[in-house]
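As a plain string of letters, each chain reads:
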Amino acid sequence: MKAELVKAALEAVPNQQILVNMVSRRVRQLCMGHRPLVEFAPGLGHADVALTEIASKKLTYESTFGQNGKDAAAAQVVQFPGIIVSKKKAA
């Protein structure tokens, strides 16, 4: 991957985790035979093509947080219960 393409894509998608997911999904599509949405130089890898598509705003994302029938304000984080380990006493 080229660093300048990553920088350009980060301007279009500021969240790194979303960018990684977009690139990985698009690379998978390109590997399966989907056609690129932009013109690119020969020898460019699938990840570079995906980053170019994102930087040129041919690919976008939509957040679905809070759209599963519940109000976004009502979403709560539930703490994972802790595990308590104790040694058995020898009899």
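Residues numbered from 1 in each chain as written. Predicted model: local features only at pLDDT ≥ 70, side-chain atom pairs only at ≥ 80, totals over all residues. Heavy atoms only, no water.

Undergrad: If you had to explain the overall build of the protein to someone new, which residues and values would you point to?
TA: Within the protein one finds three helices and zero strands. In the protein, which comprises 91 residues, the proportion classed as buried is 18%. Counting contacts in the protein only where the partners sit at least 6 residues apart, residues at least 24 apart contribute 49% of the total. By element, 55% of the accessible surface of the protein is carried by carbon and sulfur atoms, the whole surface being about 7,900 Å². (Helix = DSSP H or I, 4+ residues; strand = E, 2+ residues; numbered from the N terminus. Buried < 20%, exposed > 50% of the residue type's maximum accessible area, 1.4 Å probe, protein only. Contact = heavy atoms within 4.5 Å. Areas by Shrake-Rupley, 256 points an atom, 1.4 Å probe, with all protein chains shown as cover.)

Undergrad: Describe in detail the pattern of salt bridges, supporting the description with residues and values.
TA: Note on pairing: side chains with opposite charge can pair once their charged atoms come close. The full count for this structure, using the stated rule, is one salt bridge. E53 is paired through a salt bridge with R26; the nearest N and O atoms lie 2.6 Å apart. Taken together, the positions of E53 in helix α3 (residues 46–55) and R26 in helix α2 (residues 16–31) put the pair 27 residues apart, joining distant regions of the chain. Note on R26: relative accessible area 6%, which makes it buried. (Salt bridge = Lys/Arg side-chain N within 4 Å of Asp/Glu carboxyl O.)

Undergrad: I'd like to hear about the nonpolar core, residue by residue, with values.
TA: Burial of nonpolar side chains together is a common tendency in soluble globular proteins. L5, A9, V13, L19, M22, V23, A50, L51 and I54 form the largest nonpolar core, which has nine residues in total. Elements that contribute at least two residues to this core include exactly α1 (3–12), α2 and α3. Here L51 is in contact with M1, L5, V6, A9, L19 and V23, once residues within four sequence places are set aside. (Core = buried A, V, L, I, M, F, W, Y, C linked by side-chain atoms within 4.5 Å.)

Undergrad: Break down α3 for me, with residues and values.
TA: Of all the 10 residues making up α3, seven are buried; the element is thus mostly covered by neighbouring parts of the structure. For α3, the full list of buried residues reads D48, V49, A50, L51, T52, E53 and I54. Those residues of α3 that are buried are in contact with α1 and α2.

Undergrad: How would you explain the environment of V27 if you had to name every residue and give the values?
TA: Residue placement: V27 occurs in helix α2. A sequence separation of 19 residues divides V27 from H46, and the C-alpha atoms of the two residues are 5.5 Å apart.

Undergrad: Could you give an account of α2, naming the residues involved and the relevant values?
TA: Helix length check: α2 (16 residues) gives 22 Å between terminal C-alpha atoms against 22 Å at 1.5 Å per residue, within 8%. Where α2 is buried, its residues contact α1 and α3. The distance from a side-chain oxygen at the start of α2 to the backbone nitrogen of Q17 is 3.0 Å, and the residue carrying that oxygen is N15. (Expected span 1.5 Å × (residues − 1). Polar contact = N/O pair within 3.5 Å; in protein donor to acceptor, adjacent residues only side chain to side chain.)

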